[in-house]
Amino acid sequence: MRLLSVLLVFAASLVLTGPAGAGVRPSQVLVLYNADWSGDAPLTDPGPDSREIAELYVARHTDPATGERPYLLGLRCRHRMGHLNGPHLVEESRDNGAGVVLRGEGRAAAPAGEVRDSRLVELVLPKTEAGWRFDTLRVVLWPEKGDPVVVVDRGRSRFPKRVSVQEEGKWNVRLNGRSFLTGPLTAEASIEDTTDKVHTWTARYADILDVSCSRTGADGVPDDRNFEEDVAEPVRRFLEDPANARPDGTLLKDHVLFLVVCYGLPKTAAATYGIARGVTASRGDHGPAVSLEQRLQLLYYDVEGALGFVPRPHRFNGRNPFTAYLFRAPQAWPLYGKRVNPFLHPLAYKKDKGSLDALPDPLRFTPQNRARFPGRHLYFAMRVDGTTPLEARGLIDRAVYAIRYAGPAMGVLSGVTLSKNEERVGSVDRNRAGVLLWARGYRHVYYRYTSSQRLALFTLRPGSGFWNQTDVYLPGGVQGTVISNNGWNRRTAAMVRALARGVTVTVGAARVYNGAPHIHDKSWWDDEILYPLLLRGYTVGEALLANQMHLEWITTFVGDPLYRLPSEPEPDTRPPSIASGGVRTYRYLTEEGKKALWVAVDLDQTRGPEVAQMRLTAGDQTAVCQTFEARPYVSLLRTDAVDRGPWKIELLDPYGNRSETVWTLGRMGP
């Protein structure tokens, strides 16, 4: 009943949102929410906020003419332990970070992540002020049983064809230890420095035949069990249920393209089998927690088929002079590139793309094209979220408005000059996508020429004729900053700030933590691929998938995947107005103990999607909601004048349409 009431409230406006975009329809979206979530924040509708966001998304994208709409699924922790209520979906077992175990004759499985590959014995003498007496270098291989083998003595190889020794260079000794001894061994090196001090180091090595990949770790318990049981299995059951199939019998598994993850669900989950992944030689840049959305993308993906399941050595940094070529499952490396994402644009991240106007199209993301790659069955997942549920609502409202109105004329007011100077647009001429957008008439763009910045679309600078005194975003605004601390759990992160400023699409790390998969520029998007595709009418979900070089990574894409730039945007000519009964208030105490009041108004959506800035004057106080919202909100300190009213509520939409209402509430209680 609650969903039906939401649909009825918004039904009159939905016909104006237009189709979801070529190749993607509303029914090809599955919206997920946390059915265990009980939080109900101020100024939201009555009831759990996670479900509210999901129902709003479905309502906004329901076609009233045909009834076609996104599918909706609530997830619950089947263990009744609240696994879905935290920022990370925790796992009880965490012993399979390397994805390999060591087995020996008569021994139980043991973790193998800290043992070296005996085929790759390499010694690199550390730098020393005293200097080494190389003619004293001795290297010995010790088996668990039997006699040791001296491979280097007095600085010379005893097996010149099998052991390489050099005094200068990036390494000093290299050999295949397995060619001398099978089974586990310990390598020992000793050398004197010029002060006659003896230095000795040892390192453990394992035989490749004693190491195997593991789906559980030594304890036999899957390190991603809670993700599988609380998230993956319920979603698969829903998608495979014949009762949910399309009229032609097609299962939703093969029909759905986009997954929307709503406010209230975890930001991160364990990667496949709980295996840590990374791309650098630093173990601090490897971790098993990945974006929940990116894990969901691979519900039917053959990860083992794509990467294999045979142990491989990976070189890590370390202080021991014996180089750390440690055993890892191939899943420790990312699913990366065209081979694993058939919808990746062939020119993504390549410097020479030719004319962006003539950029070739990627393979379209359709069920038919996906069926060509059964082992690489992909979804694209985005998060509709924020630090508050109101921010999450704003992502939906601004996307729906932008689908109809986000053209070059939006944000351009009569009598206001939008010059192309550095203060307003940055170094936009140094970005080829920025040059393309400017040539198409888009005047609210910004680019800062650094390796960490992506071109921002629909940035609204102060002085543009609107009420914002700081940078905000018009509906459809896009922003991305590639930097390691740009994550959900950092209050000052660029992504978090962009959400507070009313962005519609952004990107960041699902969680910033020590030992996380390392963020780098190819984790985000390529401006020269994203923006040309958006200008051609691609949905942002399709365009981002065409940019997604990594799969099952830490990156989180935030926004509505159905958002797209309209091919023929029309101007919004209607002044915004307040819906009947649309004023909400919430009384609270500030941190200083002062009485304060939140005020929000619901804009009338019956004539089409509407968002606006709001300026509220009560007594001698004026407060401004600088971002464009369908439910703009402000905070006031409570005084007699505020409590009694009247209030003057002014609204200003992205096309400069204004309205003013005097609202009399009557005296408020204590």
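The structure displayed is predicted, hence computed values, not measured ones. (Residues numbered from 1 in each chain as written. Predicted model: local features only at pLDDT ≥ 70, side-chain atom pairs only at ≥ 80, totals over all residues. Heavy atoms only, no water.)

Caption draft 1: Expanded view of the overall build of the protein. Scanning the protein for helices and strands turns up 14 helices and 36 strands. Projecting the C-alpha coordinates of the protein onto the three principal axes gives extents of approximately 95 × 60 × 60 Å. The buried share of the protein, reckoned over its 670 residues, is 58%. Long-range contacts, defined here as pairs at least 24 residues apart, represent 70% of the contacts in the protein between residues at least 6 apart. As displayed, the protein has an accessible area near 27,500 Å², and 49% of this comes from carbon and sulfur atoms. Here the protein contributes 84 positively and 75 negatively charged side chains, and the mean placements of these two sets differ by 2 Å. (Helix = DSSP H or I, 4+ residues; strand = E, 2+ residues; numbered from the N terminus. Buried < 20%, exposed > 50% of the residue type's maximum accessible area, 1.4 Å probe, protein only. Contact = heavy atoms within 4.5 Å. Areas by Shrake-Rupley, 256 points an atom, 1.4 Å probe, with all protein chains shown as cover. Lys, Arg positive; Asp, Glu negative; His and termini not counted. Charge placed at Lys NZ, Arg CZ, Asp CG, Glu CD.)

Caption draft 2: Molecular detail of the pattern of salt bridges. Taken as a whole, this structure holds 42 salt bridges when the rule is applied. The partner of lysine 267 in a salt bridge is aspartate 385, with the nearest N and O atoms 3.3 Å apart. Placement of lysine 267 in the loop between strand 15 (258-262) and strand 16 (268-270) and of aspartate 385 in the loop between strand 23 (380-384) and helix 8 (389-405) is noted, with a sequence separation of 118 residues between them. Aspartate 602 is the salt-bridge partner of arginine 584, the closest N and O atoms lying 2.9 Å from each other. With arginine 584 in strand 30 (residues 578-589) and aspartate 602 in strand 31 (residues 595-603), the pair connects residues that are 18 residues apart, well separated along the chain. (Salt bridge = Lys/Arg side-chain N within 4 Å of Asp/Glu carboxyl O.)

Caption draft 3: Representation of the sheet that holds strand 31 in the model. If you trace the 3 strands from one edge of the open sheet to the other, you get 30-31-34, paired in antiparallel fashion. In this open sheet, the two edge strands, each paired with only one partner strand, are strand 30 and strand 34 (633-637). When strand polarity is set aside, the average angle formed by the axes of neighbouring strands in this sheet is 20 degrees. By the bridge criterion, 8 bridges tie strand 30 to strand 31 in an arrangement that is antiparallel. Looking at strand 31, one finds that isoleucine 578 is bridged to leucine 603. (Pairing = 2+ DSSP bridges. Axes fitted to C-alpha atoms, helices over the stretch in contact; angles between N-to-C directions.)

Caption draft 4: Expanded view of the packing of aromatic side chains. Taken as a whole and assessed by the stated rule, the structure comprises 19 aromatic pairs. Ring geometry for tyrosine 447 versus tyrosine 449: centroids 6.3 Å apart, planes at 70 degrees, classification edge-to-face. By relative accessible area, which is 8% here, tyrosine 447 ends up buried. Looking at tyrosine 449, the relative accessible area reads 45%, which means it is partly exposed. (Phe/Tyr/Trp six-rings, centres within 6.5 Å; stacked < 30°, edge-to-face > 60°.)

Caption draft 5: Broad picture of the packing of helix 10 (residues 432-439) against helix 12 (residues 527-535). The interhelical angle for the contact between helix 10 and helix 12, taken along N-to-C directions, is 25 degrees, at an axis separation of 8 Å. Considering their axes alone, helix 10 and helix 12 lie roughly parallel with respect to each other. For the pair helix 10 and helix 12, contact is made by Arg432, Ala433, Leu436 and Leu437 and by Asp527, Glu528, Tyr531, Pro532 and Leu535, respectively. Across the contact of helix 10 with helix 12, the residue classes tally to 6 nonpolar, no polar and 3 charged. (Parallel < 35°, antiparallel > 145°, perpendicular 65-115°, else oblique. Nonpolar A, V, L, I, M, F, W, Y, C, P; charged D, E, K, R; others polar.)

Caption draft 6: Representation of the environment of proline 70. Within the secondary structure layout, proline 70 lies in the loop between helix 2 (49-60) and strand 2 (71-75). Take proline 70: its relative accessible area is 3%, and that puts it in the buried class. Distance in space between the C-alpha atoms of proline 70 and arginine 393 is 16 Å, their sequence separation being 323 residues. Dropping the residues within four chain positions of it, proline 70 is found in contact with Pro26, Ser27, Val29, Val31, Tyr57, Val58 and His61.

Caption draft 7: Expanded view of unusual backbone geometry. Geometrically, the link from glycine 645 to proline 646 is a cis peptide bond, its omega value of 0 degrees lying close to zero. Looking at the secondary structure, you find proline 646 in the loop between helix 14 (640-644) and strand 35 (647-652). Of note in this structure, leucine 43 is not a glycine but carries a positive phi near 75 degrees. In this structure, leucine 43 sits in the loop between strand 1 (29-34) and helix 2. Positive phi, close to 65 degrees, is recorded for phenylalanine 458, a residue that is not glycine. Accessibility expressed as a relative area gives 2% for phenylalanine 458, which makes it buried.

Caption draft 8: Looking closely at the nonpolar core. By size, the foremost hydrophobic cluster in this structure holds 106 residues, and its most contacted members are Tyr301, Leu335, Leu457, Phe458, Tyr531 and Tyr563. In terms of residue count, helix 8 provides more of this core than any other element does, 8 residues in total. One finds Tyr71, Leu89, Leu239 and Ala269 within the second-largest nonpolar core, a separate group that totals 25 residues. (Core = buried A, V, L, I, M, F, W, Y, C linked by side-chain atoms within 4.5 Å.)

Caption draft 9: Representation of helix 8 in the model. Taking 1.5 Å as the rise per residue, helix 8 with 17 residues should run 24 Å; its terminal C-alpha atoms sit 24 Å apart, in good agreement. Taking burial as the measure, the 17 residues of helix 8 include 17 buried ones, the bulk of the element. (Expected span 1.5 Å × (residues − 1).)

Caption draft 10: Local environment of the side chain of serine 118. Within the fold, serine 118 resides in the loop between strand 5 (116-117) and strand 6 (121-123). On the basis of relative accessibility, which here comes to 0%, the residue serine 118 falls in the buried class. If we ignore the near neighbours within four places in the chain, the residues touching serine 118 are Asn176, Gly177, Arg178, Leu185, Tyr205, Ala206 and Asp207.

Caption draft 11: Representation of the pairing of strand 23. Counting buried positions along strand 23 yields 5 of 5 residues, so the element is predominantly enclosed. Side-chain alternation along strand 23 places Phe380, Met382 and Val384 on one buried face and Ala381 and Arg383 on a second face that is also buried. Taken together, the 5 bridges between strand 15 and strand 23 define a ladder with parallel strand orientation. Residue pairing across strands places phenylalanine 258 opposite phenylalanine 380, the latter belonging to strand 23.

Caption draft 12: The arrangement of helix 12 in detail. Burial analysis of helix 12 places 9 of its 9 residues in the buried class, which makes it a mostly covered element. Among the residues making up helix 12, those that are buried are Asp527, Glu528, Ile529, Leu530, Tyr531, Pro532, Leu533, Leu534 and Leu535.

Caption draft 13: Structural detail: the packing of helix 2 against helix 8. Direction vectors running N to C along helix 2 and helix 8 enclose 5 degrees, while the axes themselves pass 10 Å from each other. By the criterion of interaxial angle, the relationship of helix 2 to helix 8 is roughly parallel. Taken together, the residues of helix 8 that come into contact with helix 2 (itself represented by Asp49, Glu52, Ile53, Leu56, Tyr57 and Arg60) are Pro389, Ala392, Arg393, Ile396, Asp397 and Val400. In the contact of helix 2 with helix 8, the residues fall into 7 nonpolar, no polar and 5 charged.

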